[in-house]
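# Tertiary structure, described
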Amino acid sequence: MTAGNHSTVTEFILAGLTEKPELQLPLFLFFLGVYVVTVVANLGMITLIGLSSHLHTPMYYFVSILSFIDLCYSTVIIPKMLVNFVTEKNIISYPECMTQLYFFVFFIISEGHIFAVMAYDRYVAICNPLLYNVTMSYQVCSWLVVEVYTMGLIGAIAHTSCMLRVVFCKDKIINHYFCDVFPLLELSCSSTYINEVVLLCFSVFNILAPTLTILGSYVSIIASILRIPCTEGRSKAFSTCSSHILAVTIFYGSEAFMYLPPSNITSMDQNKVSSVFYTIIVPMLNPLIYSLRNKGVKVALNKIIEKRLFCILKDF
């Protein structure tokens with residue numbers, strides 16, 4: 001990722017969220033707190049699933065993958081963002097900017113597809129429970145995760161490769177808090193037609209394909225739930241999907257608002273606000289949603305706490 005053959009600039013300046021001095025410290029403390037919660041919650045979820053044998057099921061395996069993705073892509077964004085609040089100029093080199101873009105695209109696309117895989121898992125569990133262990137075997141789950149990361153890899157390579165061919169010779173200030181596609185294209189003084197076509201194609205595919213998978217899965221799930229005769233059975237079946245539905249709604253709602261604007265790509269101040277939600281808030285919310293609204297996770301956590309307390313009391 002050398003800059004010499006592709007650009008007349010060797011570094012950029014990230015404008016950040018705001019230029020108001022009085023907001024720098026409060027925002028720094030707020031986002032630092034959010035990042036700490038994100039790291040602790042996602043690492044905690046991964047650890048809990050790893051330690052609790054009764055959580056070693058496909059559903060929780062995919063939840064642990066989701067937590068890993070959330071942890072990674074928030075780490076790609078937030079630390080560099082925090083620097084902007086404590087320095088006069090948040091400088092990011094050209095290679096560093098392209099690297100951040102690559103990993104951000106990789107993880108954000110992977111997250112969309114892991115949600116689709118999780119929806120399919122719930123479809124099999126509710127609509128074909130007798131075949132669940134066969135259909136969602138360890139080998140199948142592993143291949144589904146490989147597919148998720150492959151989609152992210154293809155998207156990241158495509159977007160980053162197209163961005164590397166762009167000539168940057170305008171203002172070096174990126175009107176954003178990280179290196180995203182739209183803000184970078186605004187600095188181009190060469191044709192961005194290919195970038196826009198690639199962006200449109202991949203955005204449509206990586207939003208439409210998972211969305212259709214999720215909608216198709218839940219149409220079948222709802223139809224199966226409605227055929228369950230007892231109210232308790234319907235309630236139990238729906239409760240296994242409620243966390244996933246909430247997480248999907250938050251993620252795709254904020255992402256669609258960001259990447260499918262009405263007509264132009266110049267409303268960066270509005271985009272900053274919406275992108276804060278899905279790049280910073282969503283990775284914090286997901287593990288909280290799957291822990292506070294999931295009975296299996298709460299039971300596993302209580303068992304581990306009781307075991308630790310028992311060991312401590314036994315020592316005394």
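For the structure given in this document, a descriptive report is provided here. (Residues numbered from 1 in each chain as written. Predicted model: local features only at pLDDT ≥ 70, side-chain atom pairs only at ≥ 80, totals over all residues. Heavy atoms only, no water.)

### Some remarks on the sheet that holds strand β2 (residues 90–93)
- Ordered in space as β2-β1-β3, the three strands form an open sheet in which the pairing is mixed. Of all strands in the sheet, those bounded by a partner on one side alone are β2 and β3 (173–174).
- Two elements, strand β1 (residues 11–14) and β3, share two bridges in a ladder whose sense is parallel. Paired with Leu 14 across the two strands is Ile 174, which belongs to β3.
- Packing against the sheet, helix α2 (residues 58–86) makes contact with β1 and β2, and its axis sits at approximately 140° to β2. (Pairing = 2+ DSSP bridges. Helix = DSSP H or I, 4+ residues; strand = E, 2+ residues; numbered from the N terminus. Contact = heavy atoms within 4.5 Å. Axes fitted to C-alpha atoms, helices over the stretch in contact; angles between N-to-C directions.)

### Here we look at the nonpolar core
- Ranked by size, the top nonpolar core spans 89 residues in total, and within it Phe 12, Phe 115 and Leu 184 carry the most contacts.
- Of all the elements, helix α3 (residues 94–127) adds the most residues to this core, at 20 residues.
- Look past the residues within four positions of Phe 12 in its chain and what remains in contact with it is Asn 90, Ile 91, Ile 92, Tyr 94, Cys 97, Phe 168, Lys 172, Ile 174, Leu 184 and Leu 187. (Core = buried A, V, L, I, M, F, W, Y, C linked by side-chain atoms within 4.5 Å. Buried < 20%, exposed > 50% of the residue type's maximum accessible area, 1.4 Å probe, protein only.)

### Some details on the environment of Ser 110
- With respect to the helices and strands, the residue Ser 110 is situated in helix α3.
- The exposure class assigned to Ser 110 is buried, which follows from its relative accessible area of 0%.
- With 39 residues separating them in the primary sequence, Ser 110 and Tyr 149 have C-alpha atoms 5.6 Å apart.
- When neighbours within four sequence positions are excluded, Ser 110 is seen to be in contact with Ile 69, Val 148, Tyr 149 and Gly 152.
- Within the structure, the side chain of Ser 110 is placed 2.7 Å from the backbone oxygen of Phe 106, a separation counted as a polar contact. (Polar contact = N/O pair within 3.5 Å; in protein donor to acceptor, adjacent residues only side chain to side chain.)

### Structural notes on the packing of helix α1 (residues 21–51) against α2
- The interhelical angle for the contact between α1 and α2, taken along N-to-C directions, is 160°, at an axis separation of 9 Å. Between α1 and α2, the interaxial angle falls into the category roughly antiparallel. Crossing angle aside, the handedness with which α1 passes α2 is left-handed.
- When grouped by side-chain class, the residues that make up the contact of α1 with α2 number 20 nonpolar, eight polar and one charged. (Parallel < 35°, antiparallel > 145°, perpendicular 65-115°, else oblique. Left-handed = near helix turned anticlockwise from the far one by under 90°. Nonpolar A, V, L, I, M, F, W, Y, C, P; charged D, E, K, R; others polar.)

### Re the pattern of salt bridges
- Counted by the stated rule, this structure contains three salt bridges.
- The salt bridge partner of Glu 11 is Lys 172, with a shortest N-O separation of 3.8 Å. Remark: Lys 172 occurs in the loop between α5 (138–164) and β3 and Glu 11 occurs in strand β1; sequence separation between them is 161 residues. (Salt bridge = Lys/Arg side-chain N within 4 Å of Asp/Glu carboxyl O.)

### Description of the packing of aromatic side chains
- With the rule as written, the count across this model stands at 15 aromatic pairs.
- Summarising the aromatic geometry, the rings of Phe 12 and Phe 168 are spaced 5.3 Å apart at their centres and angled 85° between planes, so their arrangement reads as edge-to-face. With Phe 12 in strand β1 and Phe 168 in the loop between α5 and β3, this pair connects stretches of sequence that are 156 residues apart.
- Judged by its relative accessible area of 1%, Phe 168 falls in the buried class.
- Ring pairs connect the aromatic residues Tyr 102, Phe 103, Phe 106, Phe 107 and Tyr 149, which therefore count as one cluster. (Phe/Tyr/Trp six-rings, centres within 6.5 Å; stacked < 30°, edge-to-face > 60°.)

### Considering the state of the cysteines
- Tallied over the full model, the rule gives one disulfide.
- Here Cys 97 connects covalently by a disulfide to Cys 179, the sulfurs 2.0 Å from one another. Across the S-S bond linking Cys 97 and Cys 179, the dihedral sits near -125°, which makes this disulfide left-handed. Residue Cys 97 is found in helix α3, and its partner Cys 179 is found in the loop between β3 and α6 (181–186); the two are separated by 82 residues along the sequence. Assigned by exposure class, Cys 97 and Cys 179 land together as buried. (Disulfide = S-S within 2.5 Å.)

### Describing a nonpolar patch on the surface
- Judged by side-chain polarity, Leu 200, Val 204, Leu 208, Leu 212 and Leu 215 come together as a nonpolar surface patch covering roughly 480 Å² of accessible area.
- Mapping Leu 215 onto the fold places it in helix α7 (residues 193–226). (Patch = residues over 30% accessible without salt bridge, like charges linked within 9 Å, V, L, I, M, F, W, Y side chains within 5 Å. Areas by Shrake-Rupley, 256 points an atom, 1.4 Å probe, with all protein chains shown as cover.)

### Focus on the packing of α3 against α5
- One way to put it is that α3 packs onto α5 with a least axis distance of 7 Å and a crossing angle of 150°. With respect to α5, the axis of α3 lies roughly antiparallel. Relative to α5, the crossing made by α3 is right-handed.
- Class assignment for the residues of the contact of α3 with α5 results in 19 nonpolar, six polar and one charged.

### A few points about the side chain of Ser 64
- Examined against the element boundaries, Ser 64 turns out to sit in helix α2.
- Not counting residues within four places of it along the chain, the set of residues in contact with Ser 64 comprises Ile 46 and Ile 49.

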